[in-house]
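Now for the letters of each chain:
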Amino acid sequence: MKLQKKISLGAVIATASLMLVACGSSSSSTGSSSSKQVINWNEASELPSMDISKATDTISFDMLNNTNEGLYRLGKNSKIEPGIAKSTKISNGGMTYTFTLRKDAKWSNGDKLTANDFVYSWQRTVDPKTASEYAYLFSGIKNADAISAGKKPVSTLGIKAEGNYKLVVTLEKKVPYFKLLMGFPSFFPQNKSVVEKYGSKYGTASKYMVYSGPFKMVGWTGSNLNWTLKKNNSYWDKKDVKLSAINFKVNKSTTTSYNLYQSGKLDETLLGSEQAKQLSSSKEYTPRSGARINYLEFNQTQKVFQNKKIRQAISLAINRSQLVKKVLGDGSLVAPGIVSKGLASYHGKDFTQDAKSYDAIKSDKAEAKKLWAEGLKELGTNSVQFTLLADDTDAAKDVSAYIQSQLEETLSGIKVSVNNVPFKTRLSKSENGQFDVVLSGWGADFSDPITFLDLFTSDNSYNNGKWKNSEYDSLISASKNADAGSVSKRWNDMVEASEVLMKDQGVVPLYQQSQATLVKSKVKGVIYNSAGVNFNFKDAYVK
């Protein structure tokens with residue numbers, strides 16, 4: 001998923017790393033009255049959307065995950081836990097899933113939550129009229145691709161309700177990570193009457209939404225920088241929800257958020273590079289490793305960035321080791337490629353070991369200068385100017401300034417301007433192709449390499465740079481179709497695809513993100529997953 005700063009399934013998928021923030025039991029015996037069960041949480045950027053069909057980013061998915069619920073929830077150790085589905089039956093050689101739903105599930109407005117809410121939600125997301133950027137995740141469900149392409153009506157999607165509490169999903173090809181998807185917000189139910197009532201306003205503010213999960217949102221206007229999640233007393237498992245409220249406050253400066261943390265107004269804060277170094281020995285220091293890659297994406301509709309040597313020179317000019325150690329200093333790693341390290345392994349070997357990407361991530365100033373000169377000659381020019389688009393957070397400002405200096409110090413005739421904008425604006429500009437080069441990022445939606453690799457196929461809605469390669473497209477297609485049933489063939493397809501992308505320098509991987517934070521020791525039971533939705537507050541409490 002898009003970032004503001006992103007279970008094991010056979011031999012292919014590795015267990016995603018997970019940790020408990022300020023580890024503690026989630027026992028109902030917390031020793032605190034409900035009036036004290038409130039935590040104050042920091043966010044680094046604004047909240048873009050609460051529309052399940054249109055959300056695309058980390059913050060939106062975190063909020064949707066805690067205010068709504070799908071067939072499953074992803075809990076401690078990334079294990080699938082029962083959500084709206086009480087039980088699941090798999091038949092027809094793994095091509096049919098029958099979910100039995102709990103009868104006590106309902107929406108925060110009192111409406112019953114039924115199988116039809118899932119049918120409506122999925123159909124709405126794959127409907128081309130909705131223009132959902134996450135519709136591609138439904139590929140593999142019967143007719144999903146044909147519907148998204150406008151070739152079949154949404155009513156033919158392989159999902160149907162048999163009464164109010166039985167949901168049947170039919171696949172047209174095997175999806176190795178299908179169960180993980182069922183715990184991801186894009187597959188959550190939606191209340192048709194509420195969507196139709198609010199129309200274009202649906203999901204644009206907390207009052208234009210209805211909730212099915214542990215909490216409900218209040219106080220978000222669509223553009224303000226604070227909101228609250230309050231315990232949802234209509235939630236089927238409300239007895240196990242300890243927190244009465246979570247107050248969120250956006251602070252784009254870690255200096256500001258740290259000061260608020262010190263004064264007791266925040267229970268969690270991100271740390272900048274120097275803060276992380278100084279506070280790493282604190283008992284409240286909480287590092288969060290992530291399955292997240294930050295990278296540079298070129299607008300390849302522009303002639304200059306269609307030149308492979310120009311793209312390679314820019315990559316070679318950046319000292320990533322210095323970037324992670326000196327500029328970030330938060331435990332982030334040099335990107336191993338476009339797929340994060342530790343996400344998936346096969347026969348005991350991490351994907352990044354098989355998909356060799358060294359040439360695409362190394363720093364070599366001399367080679368950068370050579371390729372740059374050759375690229376300029378091929379373009380018939382002696383200079384290049386472009387604007388680097390990035391977020392306006394402290395970290396993004398530091399990274400974009402560093403990249404600017406590295407390029408201008410190394411490459412003759414280059415002029416880089418930096419445009420730091422709010423997260424929501426950067427997303428919009430990226431989606432609309434309104435950029436030259438953008439500092440982008442992606443966090444794994446589930447523990448499989450395809451969550452990264454899918455992004456760069458020619459027809460993927462997230463391929464904002466419009467990089468195209470027919471060999472790459474064929475390999476990804478094979479991994480999802482002809483070879484989907486073979487672990488080894490599918491793995492090899494993805495390894496080869498990754499190597500094609502990196503050899504062509506379709507994007508420039510920079511770093512695998514880690515976040516250094518402080519969390520008050522009184523806060524217990526917050527679950528953090530490196531892949532998929534990051535935060536699960538259902539079992540959290542204040543001791």
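Keep in mind that what you see is a predicted model, and the values were worked out from it rather than measured. (Residues numbered from 1 in each chain as written. Predicted model: local features only at pLDDT ≥ 70, side-chain atom pairs only at ≥ 80, totals over all residues. Heavy atoms only, no water.)

Caption draft 1: Local environment of the packing of helix H9 (residues 308-316) against helix H13 (residues 365-379). Two elements in contact, H9 and H13, have axes separated by 8 Å at closest approach and are oriented at 155 degrees. Between H9 and H13, the interaxial angle falls into the category roughly antiparallel. Here H9 runs over H13; the crossing is left-handed. Contacts between H9 and H13 pair Lys309, Ile310, Gln312, Ala313, Ile314 and Leu316 from the former with Lys365, Glu367, Ala368, Leu371, Trp372, Glu374, Gly375, Leu376, Glu378 and Leu379 from the latter. (Axes fitted to C-alpha atoms, helices over the stretch in contact; angles between N-to-C directions. Helix = DSSP H or I, 4+ residues; strand = E, 2+ residues; numbered from the N terminus. Parallel < 35°, antiparallel > 145°, perpendicular 65-115°, else oblique. Left-handed = near helix turned anticlockwise from the far one by under 90°. Contact = heavy atoms within 4.5 Å.)

Caption draft 2: Region of the structure containing the pattern of salt bridges. All chains considered together, the criterion is met by 21 salt bridges. Put simply, Asp448 and Arg490 hold a salt bridge, and the shortest N to O gap is 2.9 Å. Placement of Asp448 in the loop between strand E19 (437-443) and helix H16 (450-453) and of Arg490 in helix H18 (residues 487-503) is noted, with a sequence separation of 42 residues between them. Residue classification places Asp448 among the buried positions, given a relative accessible area of 0%. (Salt bridge = Lys/Arg side-chain N within 4 Å of Asp/Glu carboxyl O. Buried < 20%, exposed > 50% of the residue type's maximum accessible area, 1.4 Å probe, protein only.)

Caption draft 3: Expanded view of the sheet that holds strand E7 (residues 159-161). Spatial strand order, E5-E6-E8-E7: 4 strands in an open sheet with antiparallel pairing. Strands with a single pairing partner mark the edges of an open sheet, and in this sheet they are strand E5 (85-91) and E7. Going across the sheet, the axis of each strand differs from the next one's by a mean of 20 degrees, ignoring polarity. Sheet topology places strand E6 (residues 96-101) next to strand E8 (residues 166-170); 5 bridges connect them, and they run antiparallel. If you follow Thr100 over to E8, its bridge partner there is Lys166. (Pairing = 2+ DSSP bridges.)

Caption draft 4: Spatial organisation of the packing of aromatic side chains. Counted by the stated rule, this structure contains 29 aromatic pairs. Where Phe305 meets Phe386, the ring centres are 5.6 Å apart and the plane angle is 75 degrees; that geometry is what we call edge-to-face. Of this pair, Phe305 sits in helix H8 (residues 303-306) while Phe386 sits in strand E17 (residues 384-391), and the two are 81 residues apart along the sequence. Here Phe305 falls in the buried class, since its relative accessible area comes to 0%. (Phe/Tyr/Trp six-rings, centres within 6.5 Å; stacked < 30°, edge-to-face > 60°.)

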